[in-house]
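Report on the structure
One letter stands for each residue in the lines below.
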Amino acid sequence: MGFDYVASGHYANVIHPCADQMEEPSVLELSQDMVKDQTYFLSHLSQSQLKQLLFPLGRISKDEVRRLATEFDLPNKDRKDSQGICFLGKIRFSEFVARHIGEREGIMLEAETGDFLGKHRGFWFYTIGQRQGLRLPGGPWRVFRVSSLKWLSGLPATQTSQLQCKVRHGPGFYDCSFEMEIGEDGQESIAVVRLSEDDQGLAAGQFAAFYEGRKCIGSGVILESWDDQSFPVCAKALEIARMKDKSKLGNPVKIKVKPEEVFVSTEVASKA
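Residues numbered from 1 in each chain as written. Predicted model: local features only at pLDDT ≥ 70, side-chain atom pairs only at ≥ 80, totals over all residues. Heavy atoms only, no water.

Topic: the overall build of the chain
- Counting its secondary structure elements, the chain contains 6 helices and 12 strands.
- In the chain, which comprises 272 residues, the proportion classed as buried is 31%.
- For the chain, long-range pairs separated by at least 24 residues make up 62% of all intrachain contacts whose partners lie at least 6 apart in sequence.
- In the form shown here, the chain has an accessible surface area of approximately 18,000 Å², with 54% of it arising from carbon and sulfur atoms. (Helix = DSSP H or I, 4+ residues; strand = E, 2+ residues; numbered from the N terminus. Buried < 20%, exposed > 50% of the residue type's maximum accessible area, 1.4 Å probe, protein only. Contact = heavy atoms within 4.5 Å. Areas by Shrake-Rupley, 256 points an atom, 1.4 Å probe, with all protein chains shown as cover.)

Remarks on the confidence of the model for the chain
- Per-residue confidence for the chain gives a mean pLDDT of 80; residues scoring 70 or more make up 78%.
- Contacts of residues 226-230 to residues separated by more than four positions or lying in other chains number 14 contacts, the stretch itself having pLDDT below 50.
- In this model residues 260-272 is a low-confidence stretch, pLDDT under 50, and it forms 1 contact with partners more than four residues away in sequence or in other chains. (pLDDT = per-residue confidence, 0-100.)

Topic: helix H3 (residues 62-71)
- Listing the buried residues of H3 in full gives Lys-62, Val-65 and Ala-69. Across the axial projection of H3, the buried residues extend over an arc of 55°, all falling on one side.
- Taken from the residues just after H3, Asp-73 is the one with a positive phi, measuring 55°. (Arc of directions from axis to C-beta.)

Concerning unusual backbone geometry
- Positive phi values are uncommon outside glycine, yet Asp-73 reaches one of about 55°.
- Checked against the element boundaries, Asp-73 lands in the loop between H3 and helix H4 (93-100).
- In this structure, Ser-148 takes a positive phi of about 50° despite not being glycine.
- Counting through the fold element by element, Ser-148 comes out in strand S7 (residues 141-151).
- Of the residues examined, Ser-148 reaches a relative accessible area of 44% and is grouped as partly exposed.

Here you go:
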């Protein structure tokens with residue numbers, strides 16, 4: 001429509017080059033409010049999109065935004081933070097899904113062993129990588145692969161071993177490194193990412209955003225496989241899944257804690 005810029009209320013910073021250096025790339029940086037920071041959602045933008053964006057809230061904390069909203073008596077000054085789907089209003093997501101789709105009990109199996117872990121209300125209530133509501137501890141992932149890599153400057157990262165990574169919205173980062181792989185077409189289209197520690201909820205299909213200090217340099221889409229491994233489903237799991245009478249399974253298997261957690265608990269108990 002002929003506008004020079006579009007301003008949005010995202011919590012992020014964009015640094016544009018000086019007027020005499022317009023050929024230089026614009027830079028996406030973390031906002032002042034790290035809890036509300038939304039660079040994760042913006043990490044897959046193109047440089048041409050970033051060039052025409054402004055983020056007025058990037059250098060203001062959420063508390064300051066609320067103070068200003070009260071000072072100017074804005075109609076949304078007391079509105080609670082939204083964590084769900086905006087068009088649902090006050091209706092909980094699970095209630096919305098239950099009303100329109102219903103419920104159908106099913107079982108949860110561990111793909112690798114076929115162990116019966118518990119029951120669910122219907123798989124449509126859950127998302128890939130979800131932990132809340134399952135009453136199950138998550139499994140550790142340290143290595144994963146990403147595709148559809150997009151770099152905000154248009155160029156790949158110059159450092160591949162001293163990066164930080166976000167795998168979901170929130171203030172948490174991981175130190176990480178990544179290694180490019182040569183795709184079937186001869187292009188470097190996939191990267192193997194190694195996190196500095198376990199993450200219990202990596203979700204295939206979601207973004208992994210990469211950072212150098214406060215600068216967001218780009219992102220990729222998390223794949224369902226890592227280290228050339230896919231999710232194997234054993235014969236036992238397939239056999240149980242085909243059973244018509246699931247009541248014969250008995251009680252769910254209790255998931256064991258990791259060995260280091262047992263060690264810490266034993267040490268604390270001995271001191272007590």
